[in-house]
Amino acid sequence: MKKILYSLICLFCLAGQTYGQEPLYKSKGLVGIWNQLVPKQKDSLKTVLVPSGTFKIYNIDRTFLLMVNNGGGVCGITAYGTYEGRTPGELTEKLEFHAFSEPLNSGKSTSEIRYSIQDDNIMRLEYYNSDIKQWIPEIWVRVTPFSLKEK
């Protein structure tokens, strides 16, 4: 009887955690789907940021993945792993797989990340990877649902 009661309590706790969290597309924090922005020279004086084919997904369960869509019909996961929050605006990612780099695919590669989210949808971050050994800045925009325009 105690095992059944304990199992039910665990089930209700798990269900509460699962259903009590917002889906990725409604998140206002780190959890969500992000599209990397890259600089593009608009003219001789102006550079603009444009969405790339690189997407990063931070899941509720503390896993992440990096996905690339090359625009020519090829789409795939290029990296995945886990992440741990240290303090607000800082986290550590541990890569479990990286498709294009043997050192990053060792299962031992970690990245220290500092980030800030602006207006709920723009994330500026910089990361220091244990194998690359330098800080690299990036800008990401949250992927949000399309909305219907009023006529």
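For the structure, see preceding data.
Residues numbered from 1 in each chain as written. Predicted model: local features only at pLDDT ≥ 70, side-chain atom pairs only at ≥ 80, totals over all residues. Heavy atoms only, no water.

Caption draft 1: Geometry of the packing of aromatic side chains. Scanning the model with the defined rule gives four aromatic pairs in all. Where Y58 meets Y83, the ring centres are 5.1 Å apart and the plane angle is 85°; that geometry is what we call edge-to-face. Here Y58 is found in strand β2 (residues 47–58), whereas its partner Y83 is found in strand β4 (residues 75–87), with 25 residues between them in sequence. For the pair formed by Y58 and Y83, the shared burial category is buried. Geometrically, the ring pair formed by Y80 and F97 is stacked, given 5.2 Å between the ring centres and 25° between the ring planes. With Y80 in strand β4 and F97 in strand β5 (residues 90–98), this residue pair connects regions lying 17 residues apart in the sequence. On the basis of relative accessible area, Y80 is assigned to the partly exposed category, the value being 37%. Relative accessible area serves as the criterion here: at 25%, F97 is assigned to the partly exposed category. The structure contains a cluster of three or more aromatic residues connected by ring pairs, namely Y58, F64 and Y83. Directly above the ring of F64 sits K56, whose terminal nitrogen or CZ lies 5.2 Å from the centroid. (Phe/Tyr/Trp six-rings, centres within 6.5 Å; stacked < 30°, edge-to-face > 60°. Helix = DSSP H or I, 4+ residues; strand = E, 2+ residues; numbered from the N terminus. Buried < 20%, exposed > 50% of the residue type's maximum accessible area, 1.4 Å probe, protein only. Lys NZ or Arg CZ within 6 Å of the ring centre and 35° of its normal.)

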